[in-house]
Amino acid sequence: MVLKRVLQLLVLVCLASALRAGELYNHLMITPQSPVLEIGTNFTATCMIINTAEITAKDLYWNLSNITVSNKQYTKINRSSLSVTIPVIGEKPEWLFCNCKEVSNYVYLNRSKFKHGIILTKGYRPGRPKNLSCEAVQVKMGISSTITCVWEKVGRSSTDVPTNYILYVKELGRNHSNETNGNSAQVNLDIFPHHMQLDIWVEAHNKLGRIESEHLNTDADYFVKTNPPSDIKIISEKTFPTSLLINWTHPLAEEYLKLMYQIRFCQNGSQSWTYVPLVDTDKYIQSFRLQNLRPDIVYVIQVCCKNARRGHGHWSNWSTNATMRTPEDRPTSKPDLWRIITEVDSLNERRVQFICKDPVFANGRIQRFDIKIQDKKDKFKNRSEEWERIPVNRSEADGSSSQREITFLKQIHLADEKSVKVYVTAVNSVGKSALASLLIPDKAYGVRDLAPVEGLNLSSHGGQLWLEWKSPKNKALSEYVVEWAANGQTDWQRENRTTTHTVIKGNLEKFVCYTVSVHPIYSGWIGKPASVKAFLEEGAPLDGPEIVDRKLGRNDVELVWKEIPQHKRRGFITNYTIFYTSGTELHSVTVPANTTSHTLRSLSGNTRYDVWINASTIRGSAKSLNHSFWTQKYAAGEIEGIVVGVSLGFLFIVLMIMLICIYKKDVIKENFWPQIPNPGESTIGTWSPHYPLKAETPKENCLSGISVLDVDVCDGKCVFEEDKASLPLKKDKYLSEEHSSGIGGSSCMSSPRQSVSDSDEGGDMADTTASTVQYSSVMASNGYKGQMPSSQPQQAIFSRSESTQPLLDSEENPDMLLQEGSKHSQRFPRQPCFTHTAQNKDGTDPADCHQREMEQQDLLEPLDFYPLEEDSEQTTPTEGQSADWLPAAPVSSYMPQLGGYRPQ
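Quick notes on the rules
Residues numbered from 1 in each chain as written. Predicted model: local features only at pLDDT ≥ 70, side-chain atom pairs only at ≥ 80, totals over all residues. Heavy atoms only, no water. Helix = DSSP H or I, 4+ residues; strand = E, 2+ residues; numbered from the N terminus. Buried < 20%, exposed > 50% of the residue type's maximum accessible area, 1.4 Å probe, protein only. Contact = heavy atoms within 4.5 Å. Areas by Shrake-Rupley, 256 points an atom, 1.4 Å probe, with all protein chains shown as cover. Salt bridge = Lys/Arg side-chain N within 4 Å of Asp/Glu carboxyl O. Pairing = 2+ DSSP bridges. Axes fitted to C-alpha atoms, helices over the stretch in contact; angles between N-to-C directions. Core = buried A, V, L, I, M, F, W, Y, C linked by side-chain atoms within 4.5 Å. Disulfide = S-S within 2.5 Å. Polar contact = N/O pair within 3.5 Å; in protein donor to acceptor, adjacent residues only side chain to side chain. Phe/Tyr/Trp six-rings, centres within 6.5 Å; stacked < 30°, edge-to-face > 60°. Lys NZ or Arg CZ within 6 Å of the ring centre and 35° of its normal. Patch = residues over 30% accessible without salt bridge, like charges linked within 9 Å, V, L, I, M, F, W, Y side chains within 5 Å. pLDDT = per-residue confidence, 0-100.

1. Some points on the overall build of the protein
Here is step 1: Assigned secondary structure in the protein consists of 13 helices and 52 strands.
Here is step 2: When each of the 904 residues of the protein is scored for burial, the buried share is 42%.
Here is step 3: Looking at the protein alone, contacts between residues at least 24 apart form 67% of all its contacts between residues at least 6 apart.
Here is step 4: A total of about 50,400 Å² of accessible surface is found on the protein, and carbon and sulfur atoms cover 50% of it.

In structure tokens, the structure reads:
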């Protein structure tokens, strides 16, 4: 280290002298200049002050890529020198500067002279090449003079400090070389030196150094690589079905090089090669017999060669494929027999299908299977049972396939109480195989406790299905049958009794659900299987579930959907997610995978909803078609409740109306069906002697509204004094004692009506009596003689009628009636009198009435008629007046009737 420092100082002194000589004005100088540094080491640079006394070493500092280096890495050599040590990292070049602090005006004004820098180039030292290998290949019938060598680089190379390689070949004192930056090179010799020594090596070098590889100093034939053997021929002999004879031609004459050979073979389609031991082929030979081959198998054979001297030369490439099929032989293994049992509905029998695979060592194409089924209980029949031949058609491609063909043999219907034993043998062109047997017990035996395997578990790894189970503890266990089925196809394989885990060796498809079962076999009896479902690989379903039904309510709806078909599931369904929306808000419900219906609740009534269902697996989900529905406006039973309530209310109202009608029928009849009397059918006493009425036969109800009063002329005073209130000729009212509804008719439902209004009541009664028309008549024994009262007293009959019938024109216009009265007075005969009393309601005989009238006329004095007038006053005789006095009759407001009343 001390020596190194001394050398640096000497260099600095020399540089300072040179700078002074050259009158350079830079006051700082770094040594070494532009160094190449090895990455991973430390580098030390020294800064020297020259041609100035303005600064000292304590005024200096270092920058590396604009970053000031810590003063801990500085080393002060003397008053004018300062060194720095930095680690070399990274491949990118960097600048290292020596700077001076601005300690004076001179330094500030000449700061460019107080700064100096160098570029640091970084790289790696070259590594020693290894695994040098050279070869000289065969060209036509000789060896090429060009030697090609390959080596392996060691170490790293940077862009700024690249590593190059030189290949050297030394032959009889002559050197041949070739430089490259790769890992291979060629050297061309004038002629290949057979049986001569060659020295070959590689040198790696760059700015940081150089290094050589190991030397290959050996015979030139050591580097020879010949062509593979040619004209390979394979001979198959029928008498040797397990062997093939191989012949070939040497690629190079023995004078140049003595060769040894290597042979490998495999079955067609396989990449698993079998190598013949070198001890059998390391000779200079041209033929070889392969033995212990399988009959009727196509084999692929290859041959290569190299220098027969051990440790010398390179193996040639393998020859082109040569193929040949071995001859057929009798099958040396049994066919693999199995069964498929299916229960038959409503019958006490089973459907049994027998299937089998070709023998593992069929040793040829199987031409047929011979099968025999024996009843276990019928030994006599078994002796006469013949073999049934089932021909099969196998091609060469089937025989070369690694998967054995499955053949359907026969199907039988076996009663539950029967058991059979099946024998099968396979036949090819050479002979028969050994017998394979299978026992089908009766159903009762089949349900006995033949324990299944436990803890069956399946998993998928590396594109294969792996099974694992626990062996049942039964010494009779002989083997296992692993069965898998999907889409109506069944396959199986057999495993040893000691096996508890295996892989399914069949061709399984992705996204297909397989039912895998493990059957333990107990000394020929098939035990209960343990089954699971599995997928080799799962994916998202192809389709979503299909909504097939819905049950609508007001606030809920029940959705029913169909499961996705098995071939479209592509995995195990983990759950269903129901999405539904009535607008912008989306709702979802997740239900288990074993559910095919669900009720959505808390819905709005009379609202449209869109719904769809997603079916999910571990790999994704599939959406169903959108389904729309409207919820009900009314809930279930609500409409029925409304209808029942309305119906009951209506029935109650009808019932109440009927009861009211029954109890109030008289009032209803009076208000809705009033009886209007027919004036044409009523008979009233004669109003005027000039207008006799037409004699009519009185009817039962014609006189119901007539009141008859017997008045004696002599008793006139008494009448007016005793019963003033009963007469309508003054202020008192006369109320009819019967409910009269008109002339000639009566009604029990009509109300009492006033006959005559008193003048004192005026307008108050005008409204109530406006619809009532009073009719009065006086009948005397001698008939009506005029409107002037007679001087002779006589007994008269006063009759009166009430009616709601409007007045006739003659009643409303009395002047017209007076003018026409004389014209019609002679036209009608005088109408006989009539009476109506309570005791004579049925007196309708006119003869009796006439007789009664004649008898009364002899007794009665003539009585003059005083017409009724509402607004006039009646003069009542005083006690001082005689009974014979009658006041003068005023002018009547009622005119004589023209022939009585006519029908309206």
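2. Observations regarding the pattern of salt bridges
Close approach of charged atoms lets side chains of opposite charge pair.
Here is step 1: Counted according to the given criterion, the structure contains 25 salt bridges.
Here is step 2: Arg494 serves as the salt-bridge partner of Glu479, at 2.9 Å between the closest nitrogen and oxygen. Of this pair, Glu479 sits in strand β36 (residues 477-486) while Arg494 sits in strand β37 (residues 489-496), and the two are 15 residues apart along the sequence.
Here is step 3: By relative accessible area, which is 30% here, Arg494 ends up partly exposed.

3. Describing the sheet that holds strand β43 (residues 557-562)
Here is step 1: Pairing within the open sheet is antiparallel, and its three strands lie in the order β42-β43-β46. Bordering the open sheet on either side are β42 (546-552) and β46 (597-600), each of which pairs with just one other strand. Taking each pair of neighbouring strands and ignoring which way they run, the sheet shows an average axis angle of 20°.
Here is step 2: The pairing of β43 with β46 spans four bridges and is antiparallel. Residue pairing in the sheet places Glu558 in a bridge with Thr599 of β46.

4. Describing the nonpolar core
Here is step 1: Residues Ile200, Trp248, Ile263, Leu290 and Ile301 are the most contacted members of the largest nonpolar core, which totals 42 residues.
Here is step 2: If we ignore the near neighbours within four places in the chain, the residues touching Trp248 are Pro229, Ser230, Asp231, Ile232, Tyr261, Ile263, Ile285, Gln286, Ser287, Phe288 and Val303.

5. A closer look at the pairing of strand β39 (residues 513-522)
Here is step 1: Extensive coverage of β39 is indicated by the burial of nine of its 10 residues.
Here is step 2: As paired elements, β36 and β39 share eight bridges and run antiparallel to each other. Note on β39: the bridge partner recorded for Trp484 is Val516.
Here is step 3: As judged from the six bridges shared by β39 and strand β41 (residues 530-535), these two strands associate in the antiparallel manner.

6. Notes on the sheet that holds strand β21 (residues 244-249)
Here is step 1: Spatially, β20-β21-β24 is the arrangement adopted by the three strands of the open sheet, whose pairing is antiparallel. Looking at which strands have only one partner, the edges of the open sheet turn out to be β20 (230-236) and β24 (287-290). Averaged over all pairs of adjacent strands, the angle between strand axes in this sheet comes to 20°, irrespective of strand direction.
Here is step 2: Here four bridges tie β21 to β24, and the two strands are oriented antiparallel to one another. Within the sheet, the bridge partner assigned to Leu244 lies in β24 and is Leu290.

7. Some remarks on the state of the cysteines
Linking two cysteines covalently through their sulfur atoms gives a disulfide.
Here is step 1: Applying the stated criterion across every chain, the model contains two disulfides.
Here is step 2: Two residues, Cys47 and Cys98, share a disulfide whose sulfurs are 2.0 Å apart. A torsion of -85° about the S-S bond marks the disulfide between Cys47 and Cys98 as left-handed. In this pair, Cys47 is assigned in strand β3 (residues 42-49) and Cys98 in strand β8 (residues 94-100), connecting sequence segments 51 residues apart. Across the pair, exposure class does not vary: Cys47 and Cys98 are buried alike.

8. Focus on the pairing of strand β12 (residues 146-152)
Here is step 1: Along β12, the buried face is formed by Ile147, Cys149 and Trp151; none of Thr146, Thr148, Val150 and Glu152, which line the opposite face, is buried.
Here is step 2: Bridge count for strand β10 (residues 130-139) against β12 is four bridges, and the pairing is antiparallel. For Ser133, the partnering residue across the bridge sits in β12 and is Val150.
Here is step 3: Note: β12 against strand β15 (residues 184-188), five bridges, orientation antiparallel. Bridge pairing in β15 places Thr146 opposite Asn188.

9. Remarks on the environment of His461
Here is step 1: Tracing the backbone through its elements, the reader meets His461 in strand β34 (residues 454-461).
Here is step 2: Linking His461 and Leu536, residues 75 residues apart in sequence, is a C-alpha distance of 8.5 Å.
Here is step 3: For His461, the side chain forms a polar contact with the side chain of Ser459, separated by 3.4 Å.

10. Side note on the packing of aromatic side chains
Here is step 1: A full pass over the atoms with the stated rule returns 14 aromatic pairs.
Here is step 2: Of the aromatic side chains, those joined through ring pairs into one cluster are Tyr580, Tyr609 and Phe629.
Here is step 3: Against the face of Tyr108 rests Arg111, its NZ or CZ located 4.9 Å from the ring centre.
Here is step 4: The ring centre of Trp315 lies 5.5 Å from the NZ or CZ of Lys306, which sits over that ring.

11. Brief notes about a nonpolar patch on the surface
Here is step 1: Together, Phe652, Ile653, Leu655, Met656, Ile657, Leu659, Ile662 and Tyr663 make up an exposed nonpolar region whose accessible area comes to about 850 Å².
Here is step 2: Its place among the elements puts Leu655 in helix α8 (residues 638-663).

12. A short note on unusual backbone geometry
Excluding glycine, most residues fall at negative phi; most peptide bonds, likewise, are trans.
Here is step 1: The step from Thr31 to Pro32 runs through a cis peptide bond, and the omega angle for that step is 0°.
Here is step 2: Following the sequence through the fold, Pro32 ends up in the loop between β1 (28-31) and β2 (36-38).

13. Observations regarding the confidence of the model for the protein
Here is step 1: Taken over all residues, the pLDDT of the protein has a mean of 77, while the share at 70 or more is 70%.
Here is step 2: The low-confidence segment residues 693-788, where pLDDT is below 50, has 278 contacts with residues more than four positions distant or belonging to other chains.
Here is step 3: Low pLDDT (under 50) marks residues 859-904, which in the prediction has 121 contacts with non-local residues, meaning those over four places away or in another chain.

14. Some words on the side chain of Ser319
Here is step 1: By the secondary structure assignment, Ser319 is in the loop between β25 (298-307) and β26 (322-325).
Here is step 2: Look at Ser319 and you get buried, because its relative accessible area is 5%.
Here is step 3: Within the local environment of Ser319, its side chain forms a polar contact with the backbone nitrogen of Val303, the two atoms lying 2.9 Å apart.
Here is step 4: With residues near it in sequence (within four places) discarded, Ser319 still touches Pro228, Pro229, Ile232, Gln302 and Val303.

15. A closer look at the environment of Ala636
Here is step 1: Structurally, Ala636 can be placed in the loop between β49 (627-630) and α8.
Here is step 2: A relative accessible area of 83% means that Ala636 is categorised as exposed.

16. Details of the environment of Thr52
Here is step 1: Position of Thr52 relative to the elements: it lies in the loop between β3 and β4 (60-64).
Here is step 2: Taking relative accessible area as the criterion, Thr52 reaches 21% and is therefore assigned partly exposed.
Here is step 3: A sequence separation of 26 residues divides Thr52 from Asn26, and the C-alpha atoms of the two residues are 9.4 Å apart.
Here is step 4: Those residues in contact with Thr52 that sit more than four places away from it in its chain are His27, Tyr106 and Phe114.
Here is step 5: A polar contact is formed between the side chain of Thr52 and the backbone nitrogen of Glu54, at a distance of 3.1 Å.

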